[in-house]
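Next come the chains, spelled out residue by residue.
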Amino acid sequence: MLRSAGQKRLRSDEDPRVTELRTAVSRLRRELAGHPSEFPDRGIAEDELAALDAMAVSGTPEIPRLRRSLLLVAGAIGSVSALAPGLRDVRIAVDLFGEPPRHP
């Protein structure tokens, strides 16, 4: 498997949902790092993307925590249109994990 410089190796036995999440988060992190504008919540977006990456690396992440991080990232960078495609890919990857169980 070919990788870009600095990209982590994906395990062949990894859950495909985790692989998709790791790929989407990595791509958005690179796009955010290369984005020239500063905006007030950039640090929040960077922190939550790091948290999403850590959850993905650990195996099967907790769905409520994934969704919370996604909301924080979306709120932090949602108005930056250049990052919208990457954010969409992260949302799609989070959605692969399904809905969290509902408690009565």
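Treat the numbers as computed from the prediction; the structure is a model and nothing was measured.

Draft legend 1. A look at the side chain of H35. Tracing the chain through its elements places H35 in the loop between α1 (16–34) and α2 (42–57). Here H35 falls in the buried class, since its relative accessible area comes to 14%. For H35, the contacting residues outside a window of four places in its chain are R42, V80 and L83.

Draft legend 2. Broad picture of the nonpolar core. One finds L21, L28, L52, I77 and V90 to be the most contacted residues of the largest nonpolar core, which totals 26 residues. Elements that contribute at least two residues to this core include exactly α1, α2, α3 (63–77) and α4 (84–95). For L21, the contacting residues outside a window of four places in its chain are L52, A56, P61, L66, A93, V94 and F97.

Draft legend 3. Structural view of α1. An ideal rise of 1.5 Å per residue puts 27 Å on 19 residues; α1 measures up with 27 Å between its terminal C-alpha atoms. V18, L21, R22, A24, V25, L28 and L32 are the residues of α1 that are buried. In this structure, the buried side of α1 is in contact with α2, α3 and α4.

Draft legend 4. A look at the packing of α3 against α4. One can describe the packing of α3 onto α4 by two numbers: an axis separation of 10 Å at closest approach and a directional angle of 165°. Looking at the two axes, α3 sits roughly antiparallel to α4. In this structure, the crossing between α3 and α4 has a hand that is left-handed. Residues L66, R67, L70, V73, A74 and I77 of α3 form the contact with α4, whose participating residues are L87, V90, R91, V94 and D95.

Draft legend 5. Region of interest: the pattern of salt bridges. Counted under the stated rule, the structure contains 10 salt bridges. In this structure, the salt-bridge partner of R22 is E14, at a minimum N-O distance of 2.9 Å. We note that R22, like E14, is buried. One network of salt bridges, with partners in common, ties together R27, R88 and D89.

Draft legend 6. Broad picture of the environment of A50. Inspection of the secondary structure assignment puts A50 in helix α2. In this structure A50 comes out as partly exposed when scored by relative accessible area, which is 28%. Through-space distance from the C-alpha of A50 to that of S69 is 9.7 Å; in sequence the pair is 19 residues apart.

Draft legend 7. Region of interest: the environment of E99. Of note, E99 is situated in the segment after α4. The spatial distance from the C-alpha of E99 to the C-alpha of R67 is 9.3 Å, given a sequence separation of 32 residues. Discounting residues that sit within four places of it in the chain, E99 has contacts with I63 and R67.

Calculation rules
Residues numbered from 1 in each chain as written. Predicted model: local features only at pLDDT ≥ 70, side-chain atom pairs only at ≥ 80, totals over all residues. Heavy atoms only, no water. Helix = DSSP H or I, 4+ residues; strand = E, 2+ residues; numbered from the N terminus. Buried < 20%, exposed > 50% of the residue type's maximum accessible area, 1.4 Å probe, protein only. Contact = heavy atoms within 4.5 Å. Core = buried A, V, L, I, M, F, W, Y, C linked by side-chain atoms within 4.5 Å. Expected span 1.5 Å × (residues − 1). Axes fitted to C-alpha atoms, helices over the stretch in contact; angles between N-to-C directions. Parallel < 35°, antiparallel > 145°, perpendicular 65-115°, else oblique. Left-handed = near helix turned anticlockwise from the far one by under 90°. Salt bridge = Lys/Arg side-chain N within 4 Å of Asp/Glu carboxyl O.

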